[in-house]
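Chain residues, written in single-letter form:
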Amino acid sequence: MVVRNASPDDNRIDFRVLGPLEVAAAGGPVDVGGPRLRGALALLVAGAGRVVSVAEFVDGLWGDNCPPDAERTVRTYMSRLRKALLPAAAELIVTRSPGYLLLTEPDTIDAVRFEQLAQAGGRALQAATPAVANERLLAALRLWQGTAYGEFKTIPTLDAERMRLERLRRNAIEDRIDTDLAAGLGSELVAELVELTTAHPGHERLWGQLMTVLYRAGRQADALAAFRRARRVLAESSGLTPTPALTEIHRQVLAQDSRLLAPRRTVAGPEPATTRPAQLPPAVPAFTGRRDEIARLDELLPGAARPAAVVISAVSGTAGVGKTALAVHWAARVRSAFPDGQLYLNLRGFDPDGSTVHPTDAVKSFLAALGVPPADIPPGLAAQTGLYRSLLTGRRLLVVLDNARDADQVRPLLPNAPGCLALVTSRNRLTSLAAAEGAHLVNVDLLTAAEARDLLSRRLGGHRVTAEPAAVEEIAARCAGLPLALAIVAARAAAQPHLPLAGLAAELRESGSRLDALDGGDPASQVRAVFSWSYRALSKPAARLFRLLGLHPGPDIAVPAAAALTDTQPHQARALLAELTRGHLLTEHAPGRYGCHDLLRSYATELAGGRQSGALHRLFDHYLHTARTADALLTPQPNPIVLPEAQPGAAPEQLADHQEALAWFTAERPVLLGAVEHARITGFDRHAWQLAATLTTFLDRQAHWPALARAQTTALAAARRQDDRVGQASAHRNLGLAQDRLGHPDLARDHYLRALDLFGALGSQAGQARTRQHLARMSAAQGRYQQASYHARHSLRHYRNADDRAGESAALNHLGWFHAQLGDQRAALAHCRQALALAQEIGDLNGQAHTWDSLGYVRHQLAQPEQAVDCYQHAVDLFQHTGERRSAATALVSLADAHQAAGAAAAARSALRDALAVLDQLGLPDTDPLLAAIKRSLARSAT
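1. Observations regarding the environment of tryptophan 330
As for its placement among the helices and strands, tryptophan 330 is situated in helix α13 (residues 323–333). You can call tryptophan 330 buried: its relative accessible area is 0%. With 93 residues separating them along the chain, tryptophan 330 and leucine 423 place their C-alpha atoms 9.8 Å apart. Other than its neighbours up to four places away in sequence, tryptophan 330 contacts Ile294, Leu297, Asp298, Leu301, Leu398, Leu421 and Leu423.

2. Remarks on the side chain of arginine 770
Among the secondary structure elements, arginine 770 is positioned in helix α34 (residues 765–781). Nearest to the buried, unbridged arginine 770 among oppositely charged side chains is aspartate 804, at 5.2 Å. Contacts of arginine 770, omitting those with residues within four sequence positions, involve Gln637, Pro638, Asn639, Pro640, Arg733 and Tyr799.

3. Section: unusual backbone geometry
At the junction of serine 97 and proline 98, the peptide bond is cis and its omega measures out at 10° in the coordinates. By the secondary structure assignment, proline 98 is in the loop between β5 (93–96) and β6 (99–102). The backbone phi angle of tyrosine 149 is positive, close to 50°, even though this residue is not glycine. Position of tyrosine 149 among the secondary structure elements: in the loop between α6 (130–142) and α7 (156–182). Owing to a relative accessible area of 3%, tyrosine 149 belongs among the buried residues under this scheme. Here asparagine 403, not a glycine, exhibits a phi torsion of approximately 60°, which is positive. Examined against the element boundaries, asparagine 403 turns out to sit in strand β9 (residues 398–404).

4. Structural notes on the state of the cysteines
Tallying each qualifying case throughout the model produces zero disulfides. Cysteine 832 takes part in no disulfide bond, and the closest cysteine sulfur, belonging to cysteine 871, lies 9.6 Å away. On the basis of relative accessibility, which here comes to 0%, the residue cysteine 832 falls in the buried class.

5. Thoughts on the sheet that holds strand β12 (residues 557–558)
Spatial ordering of the open sheet is given by β12-β14-β13, a layout of three strands whose pairing is antiparallel. At either end of the open sheet lies a strand with only one pairing partner, and these are β12 and β13 (587–590). Taken together, the two bridges between β12 and strand β14 (residues 593–595) define a ladder with antiparallel strand orientation. Paired with alanine 558 across the strands is arginine 593, a residue of β14.

6. Some thoughts on the pairing of strand β10 (residues 421–426)
Of all six residues that make up β10, six are buried, and the element is covered over most of its length. Neither face of β10 is left uncovered, since the one carrying Leu421, Leu423 and Thr425 and the one carrying Ala422, Val424 and Ser426 both have all their residues buried. Two strands pair when backbone bridges link them, and β9 and β10 are joined in this way by five bridges, in the parallel orientation. Bridge pairing in β10 links valine 400 to leucine 423.

7. What to know about the sheet that holds strand β3 (residues 28–29)
Strand order in the open sheet formed by three strands is β1-β2-β3, and the pairing between neighbours is antiparallel. The sheet is open, and its two borders are formed by β1 (13–16) and β3, each paired with just one other strand. Relative to β3, strand β2 (residues 22–25) is paired through two bridges, and the arrangement is antiparallel. The residue of β3 that forms the bridge with alanine 25 is glycine 28.

8. Topic: the confidence of the model for the protein
The predicted coordinates should not be examined in detail at positions where pLDDT is low. With 89% of its residues at a pLDDT of 70 or more, the protein shows a mean pLDDT of 82. Confidence, read as mean pLDDT per element, is least for helix α23 (residues 525–536) in the protein (60) and greatest for helix α25 (residues 559–566) (95). Low confidence marks residues 264–274, where pLDDT is under 50. Its contacts with residues over four positions away, or in another chain, come to 22 contacts. Low confidence marks residues 304–309, where pLDDT is under 50. Its contacts with residues over four positions away, or in another chain, come to eight contacts.

9. Considerations on the packing of helix α30 (residues 685–701) against helix α31 (residues 705–721)
Relative orientation and spacing of two packed helices are given, respectively, by the angle between their axes and the distance between those axes. Closest axis-to-axis distance for the α30/α31 pair is 8 Å, and the angle between their directions is 155°. Regarding the angle of α30 to α31, the classification is roughly antiparallel. Of the two elements, α30 crosses α31, and the hand of that crossing is left-handed. In this structure, α30 uses Asp685, Ala688, Trp689, Ala692, Ala693, Thr696, Leu699 and Asp700 to contact α31, whose residues at the interface are Trp705, Ala707, Leu708, Ala711, Gln712, Ala715, Ala718, Ala719 and Arg721. When the residues that make up the contact of α30 with α31 are grouped by side-chain class, the tally is 12 nonpolar, two polar and three charged.

10. With respect to the nonpolar core
Phe546, Leu580, Phe665 and Ile934 are the most contacted members of the largest nonpolar core, which has 113 residues in total. When neighbours within four sequence positions are excluded, leucine 580 is seen to be in contact with Leu538, Ala542, Leu545, Phe546, Leu549, Leu585 and Leu586. In terms of nonpolar packing, the next biggest core, distinct from the first, is built from 74 residues, Ala40, Leu44, Ala223 and Ala226 among them.

11. Remarks on the pattern of salt bridges
On inspection of all chains with the given rule, the structure shows 30 salt bridges. Glutamate 115 is the partner of arginine 164 in a salt bridge, and the nearest nitrogen-oxygen pair spans 2.6 Å. Of the two residues, arginine 164 is situated in helix α7 and glutamate 115 in helix α5 (residues 110–126); the sequence distance between them amounts to 49 residues. Residue classification places arginine 164 among the buried residues on the basis of a relative accessible area of 7%. For glutamate 115, a relative accessible area of 21% gives the class partly exposed. As a salt-bridge pair, arginine 167 and glutamate 866 come within 3.1 Å of each other at their nearest N and O atoms. Highlighted residues: arginine 167 in helix α7 and glutamate 866 in helix α39 (residues 865–882), separated in sequence by 699 residues. Through salt bridges that share partners, Glu174, Asp175, Asp178 and Arg205 make up one connected network.

12. A look at helix α36 (residues 805–821)
Between the first and last C-alpha of α36 there are 24 Å, a value that for 17 residues agrees with the 24 Å anticipated at 1.5 Å per step. Buried residues dominate α36, accounting for 13 of its 17 residues. Where α36 starts, the residue carrying a side-chain oxygen 3.3 Å from the main-chain nitrogen of alanine 806 turns out to be aspartate 804.

13. Observations regarding the packing of helix α24 (residues 540–549) against α25
Packing of α24 against α25 leaves a shortest axis separation of 10 Å and a crossing angle of 100°. The orientation of α24 with respect to α25, classified from their angle, is roughly perpendicular. For the pair α24 and α25, contact is made by Arg544, Leu545, Leu548 and Leu549 and by Ala562, Leu565 and Thr566, respectively. Looking at the contact of α24 with α25 residue by residue, the class counts come to five nonpolar, one polar and one charged.

Conventions adopted
Residues numbered from 1 in each chain as written. Predicted model: local features only at pLDDT ≥ 70, side-chain atom pairs only at ≥ 80, totals over all residues. Heavy atoms only, no water. Helix = DSSP H or I, 4+ residues; strand = E, 2+ residues; numbered from the N terminus. Buried < 20%, exposed > 50% of the residue type's maximum accessible area, 1.4 Å probe, protein only. Contact = heavy atoms within 4.5 Å. Lys, Arg positive; Asp, Glu negative; His and termini not counted. Salt bridge = Lys/Arg side-chain N within 4 Å of Asp/Glu carboxyl O. Disulfide = S-S within 2.5 Å. Pairing = 2+ DSSP bridges. pLDDT = per-residue confidence, 0-100. Axes fitted to C-alpha atoms, helices over the stretch in contact; angles between N-to-C directions. Parallel < 35°, antiparallel > 145°, perpendicular 65-115°, else oblique. Left-handed = near helix turned anticlockwise from the far one by under 90°. Nonpolar A, V, L, I, M, F, W, Y, C, P; charged D, E, K, R; others polar. Core = buried A, V, L, I, M, F, W, Y, C linked by side-chain atoms within 4.5 Å. Expected span 1.5 Å × (residues − 1). Polar contact = N/O pair within 3.5 Å; in protein donor to acceptor, adjacent residues only side chain to side chain.

See below:
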């Protein structure tokens, strides 16, 4: 019976499950009936948004004691619930095969509101806004009125959901305590944390918080005693030792580290609101010509009577023809038609060596420009694109996508809101955008002779052009209508107002060399002469740097590498780079990173002449030794390759930690891959294979396996040319890894066995250990666990002989995993515990991640789903921290299985979606087995 008196329009009903089940309407509480009716409604609420099958109702309400007419009784229960929930019954409980669906807004369920507020609080905490986080977390925790689904412990699905929500509640409490710590609290939290550590003794984060507040309260001895209790509890409950995070707090307490004390001030404030971006770069001064193109673009503007639909105008043309100038000029001209702002991004579609902007990075850039905090940007390109397009809904905004490589790079960045317009420039004619998205294609050609004269006139002044008409005609002809060349001529002439234009025309006429770098075979010999004028204006040190940049293999260069190339100090190199930038021979496209137009690079290469072996040696040493430092920070396994001392002036960068190493590798990846090939071509064979070897861990963890295979193929050729057996062994092993990852096990095995023979002949324990480790992993992937165990035991022996503790930990973890696959969970647990203890002792985060993953599998096999969830969550967090994205996705799939076993279907789906987002970022093909398996699982869970 409904205990309320509501109007027909008043149909909002709220469901409360964070305590006793309650149903509330505007008129008061709703009585839904007895225990089984309440259980049936609770099952609907827990599964809100999905179909709860009749079989789930029968199993949950009666278990093994179901009556013969149980299915009919379920239908009766649904009818009674609909009557109780009137007047919303017609749309709240829907019959849908194979059961029933509760259709209600998420904010009507207190458990859903709790999760949303807790997640928002967690994001605000990560974004260093603890005051905002505290407010949201307190609001989330106030929703709790008891034990979630507490009256339904005999219903397995609801009991599993209770456990999941209780875990989230505990996490929210821990986050809230962190916000209190950030606000300076200490002794006020002691009693609460003592109670929490008593109730949850296995949770190290609580122990760390208790130690912190005790220390702040001046109770150092009690803080140290808390650490001893935590260590004892962990050893007794799981056989584990404290993690490095808890150990670090213990160290800080011992050292009386002031960082544990209350902060002097807190960082607080509201999250930024959506902003009005204005990202257009400065328009080209004295813009000339392009009347037809501008008229075509003007036709795309929204009419006065209604907002326009989205229009994509793909502006195409050859390099240097002025596509960007046209796009920016027109965008600035029509700025008022888009009152909500302008977004602009150079997609670098034709930068060599793979520095093209990925759509994920582009969307993130636009979200930031629209005021979205980094912590609120969802994972995965699809979710990011959805948020981006949602923010544009109802707005009139211009999006300029400059220098796109192809349609696929552009599509995720296109708005779908009426009133918005996307303007795309590219060297390619993006015909597929016209076919699929209805784009308007505008081709930009070379300037006519009249337009070229007009450009020079606008830049130099009409009187000067009129005074030397013949010289102007010749300059326009020699520049072939290329705006880039004309602009540089005009700049040179403007800088030397007393130089006759006839002199400039003569220099163009007498230039006998050619720079054939324009698409379509357009003559470009004049461009070299134009470049030479800017080059001659440089100081000698800057001119030398420009020449040496022609030796550089990558799409851009950072200041430290430029210093190594020129054998100067970083501040000197920075000054020279600034001079080149002022002379329009370089562009600082990102802070501290400099690149140039491909025609300018060709010109610099010709000037260098390939006679600068000393500069190349310094450059390769700089990248090799910095990469070696970065590699050592990514993995504690010692690299057996012995590097010669770096050349004077190479000045390798000093990286501080794992995150700096990962950031350096990420920024320099295109350069480093180009350097491997360039080293081989220029005769630096040892640098080629050693640099390729130092890149292996990073490329593998980031799933850049085709690039890994190319680099190691180059490395093998270089090592063979020098008859370098160490280099050949290294390249064979790493080629085996690449082929293994790419799904070519026969090729991989051949390379592994060649590497094993070479390392054996060399007496390299470390080399044999790593190769055996790869063979073990590949054998396991093929289901050959006895063979995998054989290789793992050999790997363990070699690692111990080499005194490689990180390798020893990895081998123990592999043995544990293989024992688990063979059904010996006791031996598996013992090996994995040894592996984890070793990895934690030496601070090997990647080793810890893999071992937690193995422990999750063992716990799952032992029918301990909650412990499995905790283990897999540890693994996911660590993999995401170390940047091993493919492994993170695999662990998320395993986490989903553990959630499913625990009865937490919603959490399982969430983990699968997170895994799919990670794989989307990797850009894997649809045929990838893991990707296909995730999509099948999500499809099944949606039915």
